[in-house]
Amino acid sequence: MVDYHAVNNQGQYSAGGPPTYMEQENDWDRDLLLDPAWEKQQRKTFTAWCNSHLRKAGTQIENIEEDFRDGLKLMLLLEVISGERLPKPERGKMRVHKINNVNKALDFIASKGVKLVSIGAEEIVDGNAKMTLGMIWTIILRFAIQDISVEETSAKEGLLLWCQRKTAPYKNVNVQNFHISWKDGLAFNALIHRHRPELIDYDKLRKDDPVTNLNNAFEVAERYLDIPKMLDAEDIVGTLRPDEKAIMTYVSCFYHAFSGAQKAETAANRICKVLAVNQENEHLMEDYEKLASDLLEWIRRTIPWLENRAPEKTMAEMQQKLEDFRDYRRVHKPPKVQEKCQLEINFNTLQTKLRLSNRPAFMPSEGRMVSDINGAWHKLEGAEKGYEEWLLNEIRRLERLDHLAEKFRQKAAIHEGWTDGKEAMLTQKDYETASLSEIKALLKKHEAFESDLAAHQDRVEQIAAIAQELNELDYYDSPSVNARCQKICEQWDALGSLTQNRRESLERTEKQLESIDELYLEYAKRAAPFNNWMEGAMEDLQDMFIVHNIDEIQGLITAHEQFKSTLPEANKEREAIQAIQAEVQKIANYNGIKLAGNNPYTTITPQSIDKKWEKVQQLVPQRDQALQEELTRQQSNDHLRRQFANQANMIGPWIQNKMEEIGRISIEMNGTLEDQLTHLSQYEQSIIEYKPNIDQLEGDHQLIQEALIFDNKYTAYTMEHLRVGWEQLLTTIARTINEIENQVLTRDAKGISQEQLHEYRTSFNHFDKDHSGLLQSEEFKACLISLGYDVENDKQGDAEFARIMGIVDPNNSGAVTFQAFIDFMSRETTDTDTADQVIASFKILAGDKNYITAEELRRELPPDQAEYCIARMAPYSGPDAVAGALDYMSFSTALYGESDL
């Protein structure tokens with residue numbers, strides 16, 4: 001006597017046999033049979049199931065525990081369902097004959113891999129109903145349910161999945177088990193309608209009328225599907241939880257009745273899988289094309305803006321251009337950097353998916369290759385760099401122009417003020433009626449004027465030189481400058497001519513003139529240069545200056561201090577000149593001479609000298625203040641330089657260090673791919689968290705540019721270098737993560753173990769001598785030889801190596817990436833769907849025809865994928881073609897990029 005419960009707990013097959021079909025079917029419990037409702041359902045269902053097979057042999061049973069007692073019909077049942085012959089039964093009617101017959105049947109069951117526990121021949125012969133039902137259930141499991149297989153699940157789970165798949169489209173049907181999910185009868189009707197829709201009007205069924213639904217399904221199945229009625233509708237509805245084994249037994253009959261349709265469904269599933277991959281790849285291609293087009297269009301629009309070198313006339317306009325450029329760098333460009341990186345990642349992911357699905361590599365439209373985008377991006381960055389340099393040069397130029405223009409206006413105003421009235425003075429005829437003394441005085445005065453004229457020659461030359469420089473620097477208001485300069489030069493030439501003419505006139509009458517007051521003459525001679533010195537001093541004290549560092553402003557301060565040190569000596573000269581004028585007045589007063597107006601030798605009065613001296617005294621402290629303010633500004637600029645340099649000198653090595661660490665991580669292979677992805681993601685997050693330091697440096701850089709600081713001796717790093725380094729760092733970590741993700745895709749799709757990936761990485765790193773992440777041609781050949789490939793230097797080996805290089809390096813770059821290496825190794829060791837398999841699947845759907853119709857596709861495939869095939873299949877033109885025939889063979893080969901099978 002053996003224990004039947006162990007059938008469910010220990011499995012039905014010995015070691016080395018197929019998987020147990022009831023590993024999760026631990027539900028044959030003796031106690032459950034104490035429920036009379038369940039026992040009644042099982043009796044009826046098992047009896048009907050047995051009769052559905054015994055009638056093929058021309059017999060049947062009435063009472064399941066009585067009619068199997070002699071073992072004869074039990075042996076006959078096993079012969080019918082197995083198609084095999086059992087040992088000849090014993091025809092005697094004694095108990096021992098019956099036991100022997102039942103044992104023969106039980107031995108045959110055990111020979112099929114079923115380990116019977118708690119079921120003995122004596123109990124069957126004695127008519128034990130519980131043991132008899134248990135034995136029949138074991139037979140049903142073995143011969144009716146075990147071989148059911150749906151999408152890698154079998155037995156009960158496979159049957160349940162089959163029911164769920166078939167009834168999924170029907171409302172009010174939700175199959176989750178083999179008991180209460182079937183009580184309302186809709187699930188039975190849905191199974192029949194799914195395969196034979198003409199037999200049942202499903203829309204007329206009501207969920208609140210389960211008895212009608214059940215009877216309808218049982219009657220249709222018995223009449224049209226040759227499935228005997230194994231259940232009573234009233235028993236199912238009247239039981240809180242219908243017997244699961246009775247339901248499973250009855251449902252298994254539907255599965256076997258519709259097994260032919262199951263093959264078509266399997267074929268349809270294969271096609272759906274292939275088409276889904278193809279549709280997804282097409283979507284990825286379309287997304288790549290759109291993203292590439294948008295990015296290239298943005299670059300196309302931006303480059304002309306960056307290449308526009310039309311200068312502006314004023315500093316304010318150029319400063320606005322610089323602000324617009326900053327907005328471009330801060331706001332507009334960073335999203336495009338991310339789009340470019342994402343575009344490369346999408347392209348690599350698409351190519352990996354195409355390789356994994358055995359599809360041809362994706363070739364973007366002309367001009368939209370990754371290399372095209374990189375070329376356009378390189379051109380953009382070249383234009384960007386040139387544009388920034390041009391902006392800064394233009395700002396320097398305009399600053400220089402403004403300074404020169406202001407200097408020109410100051411000098412021109414001083415000169416024009418000096419020349420005012422000079423022509424009238426030189427053209428007057430006063431010498432014709434003057435006395436001798438007056439003539440001599442006029443001559444001396446004219447000599448003083450000539451000295452003054454010569455002293456102003458340098459200023460005129462400076463004005464002309466400044467005007468020439470403004471023309472050479474393309475000053476926007478050059479016409480007015482040139483007109484003013486021309487007027488000054490013409491006036492200067494006229495003054496020279498008039499001066500010469502007056503001298504000649506005075507010299508003609510010189511012999512008629514007497515003595516000239518020596519004191520007036522001495523006063524005039526000393527006052528003129530002193531006056532020129534004061535005018536030059538005032539001009540220098542008001543002169544604008546531009547410096548770029550502390551040393552330059554210190555030089556100006558030193559020169560100013562030297563100038564101030566000459567003031568005491570100048571004051572002595574002023575007092576001496578004033579003393580001459582005082583002496584003249586003293587002599588005149590003493591001798592009672594009435595002076596005729598001012599000094600005849602000069603127009604420089606003591607009052608004008610004192611007034612200019614007071615002006616010089618006022619300008620000196622103003623110059624002191626301006627120089628000190630500029631010194632403070634230069635000290636502030638130096639602080640900005642140091643502040644920027646301190647940050648840049650930390651960030652620059654940090655970026656370099658991170659780039660080197662990423663390079664090491666991409667070569668080393670520590671842990672699983674998921675561990676590496678986690679580590680890289682954390683590493684990427686740490687880099688992103690460093691972004692505030694870059695933003696702070698950008699702020700310091702903006703302050704430097706706003707302060708018009710153009711050099712920094714405290715650091716070799718520029719903001720441009722650090723920006724490029726930062727962008728390369730973000731791109732490198734994103735590419736490295738993408739490479740690991742593609743390796744995960746390859747591993748999961750090809751079934752590669754972690755040990756294999758580690759072995760591939762170890763081999764790759766061993767021959768990657770320069771740790772570049774690439775194997776050159778000779779390094780790759782050495783790696784293949786170490787793996788057992790015959791690619792030695794002979795004709796056959798060279799041909800084989802050339803074939804392999806065509807696979808791993810389709811672009812003929814001369815180098816092999818690790819991704820291409822593992823793709824090749826996984827292709828060599830694993831299988832994928834092929835065009836032949838897809839053609840075979842289509843042939844099943846087409847009923848072994850060489851063509852398929854649109855109606856068959858819509859019946860067997862989901863709507864979207866059916867329409868996808870119909871839209872792309874060419875009409876079939878074979879000799880057996882019919883109207884509407886479609887060529888599925890050409891379509892299948894096109895999916896895999898093959899010209900023929």
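Residues numbered from 1 in each chain as written. Predicted model: local features only at pLDDT ≥ 70, side-chain atom pairs only at ≥ 80, totals over all residues. Heavy atoms only, no water.

*Asks:* Please clarify how empty space enclosed by the protein should be interpreted in this entry.
*Replies:* Scanning the entire structure with this criterion turns up 3 cavities of 30 Å³ or more. Of the voids in this model, the largest cavity is the one considered here, and its volume is about 110 Å³. In this structure, the largest cavity is lined by L322, F325, R326, R329, R330, E388, E698, H701, Q702, Q705 and R723. Elements with a contribution of two residues or more to the lining of the largest cavity: helix 14 (315-356) and helix 25 (691-706). Looking at the lining of the largest cavity, the element that brings in the most residues is helix 14, giving 5 residues. Grouping the constituent residues of the lining of the largest cavity by class yields 2 nonpolar, 3 polar and 6 charged. Residues from two domains meet in the lining of the largest cavity; each of domain 1 (268-400) and domain 3 (651-826) gives at least three. Surrounding the second largest cavity, M425, L426, Q428, L442, K445, H446, F449 and R502 form its lining. Counting only elements with at least two residues in the lining of the second largest cavity, the list comes to helix 16 (422-427) and helix 17 (436-455). (1 Å grid on protein atoms, 1.4 Å probe; cavity = no way out; pocket = protein on both sides within 12 Å on 5 of 7 lines; lining within 4 Å. Points joined across faces, edges and corners; volume = space filled by probe spheres on them. Helix = DSSP H or I, 4+ residues; strand = E, 2+ residues; numbered from the N terminus. Nonpolar A, V, L, I, M, F, W, Y, C, P; charged D, E, K, R; others polar. Domains from an automatic or database assignment.)

*Asks:* Sorry if this is basic, but what is going on with the pattern of salt bridges here?
*Replies:* Think of it this way: side chains of opposite charge can pair up when their charged atoms draw near. Inspection of every chain in the model, using the stated rule, returns 48 salt bridges. A salt bridge links D610 to R574; the shortest N-O distance between them is 3.0 Å. With D610 in helix 23 (residues 606-667) and R574 in helix 22 (residues 567-591), the pair connects residues that are 36 residues apart, well separated along the chain. The salt bridge involving E867 is made with R858; its shortest N-O contact spans 2.7 Å. Each of the salt bridges in this network shares a partner with another, and the network as a whole consists of E39, R43 and E65. (Salt bridge = Lys/Arg side-chain N within 4 Å of Asp/Glu carboxyl O.)

*Asks:* Help me understand the state of the cysteines in this model?
*Replies:* As used here, a disulfide is simply a covalent bond connecting the sulfur atoms of two cysteines. Tallied over the entire structure, the rule returns 0 disulfides. We note that C869 lacks a disulfide partner, and the nearest cysteine sulfur, in C272, lies 8.1 Å from it. You can call C869 buried: its relative accessible area is 0%. (Disulfide = S-S within 2.5 Å. Buried < 20%, exposed > 50% of the residue type's maximum accessible area, 1.4 Å probe, protein only.)

*Asks:* Help me understand the packing of helix 9 (residues 186-195) against helix 12 (residues 244-257) in this model?
*Replies:* Think of two packed helices as two axes; the pair is described by the angle between the axes and how far apart they sit. With their axes 11 Å apart at the nearest point, helix 9 and helix 12 run at an angle of 10° to one another. In terms of their interaxial angle, helix 9 and helix 12 are classed as roughly parallel. Where helix 9 crosses over helix 12, the two elements pack in a sense that is right-handed. Across the interface between the two elements, F188, L191 and I192 of helix 9 pack against I247, Y250, V251 and F254 of helix 12. Of the residues in the contact of helix 9 with helix 12, the class split is 7 nonpolar, no polar and no charged. (Axes fitted to C-alpha atoms, helices over the stretch in contact; angles between N-to-C directions. Parallel < 35°, antiparallel > 145°, perpendicular 65-115°, else oblique. Left-handed = near helix turned anticlockwise from the far one by under 90°. Contact = heavy atoms within 4.5 Å.)

*Asks:* Looking at this model, I keep getting lost on the nonpolar core. Mind explaining?
*Replies:* Soluble globular proteins tend to pack their nonpolar side chains together in the buried interior. Within the largest apolar cluster, 79 residues are counted, with the highest numbers of intra-cluster contacts made by W49, I139, W182, F188 and F254. In this structure F188 touches W182, L214, A217, F218, L231, I247, Y250, V251 and F254, once residues within four positions along its chain are discounted. Core analysis: the next-biggest nonpolar cluster, separate from the first, contains 49 residues, I651, W654, M719 and Y789 among them. (Core = buried A, V, L, I, M, F, W, Y, C linked by side-chain atoms within 4.5 Å.)

*Asks:* Looking at this structure, how should I read the confidence of the model for the protein chain?
*Replies:* The predicted coordinates of low-pLDDT regions are not to be read in fine detail. Taken over all residues, the pLDDT of the protein chain has a mean of 80, while the share at 70 or more is 89%. Throughout residues 1-34 the model reports pLDDT below 50, and contacts reaching past four residues in sequence, or to other chains, amount to 82 contacts. Counting interchain partners and residues more than four positions distant, the pLDDT-below-50 stretch residues 512-516 has 15 contacts. (pLDDT = per-residue confidence, 0-100.)

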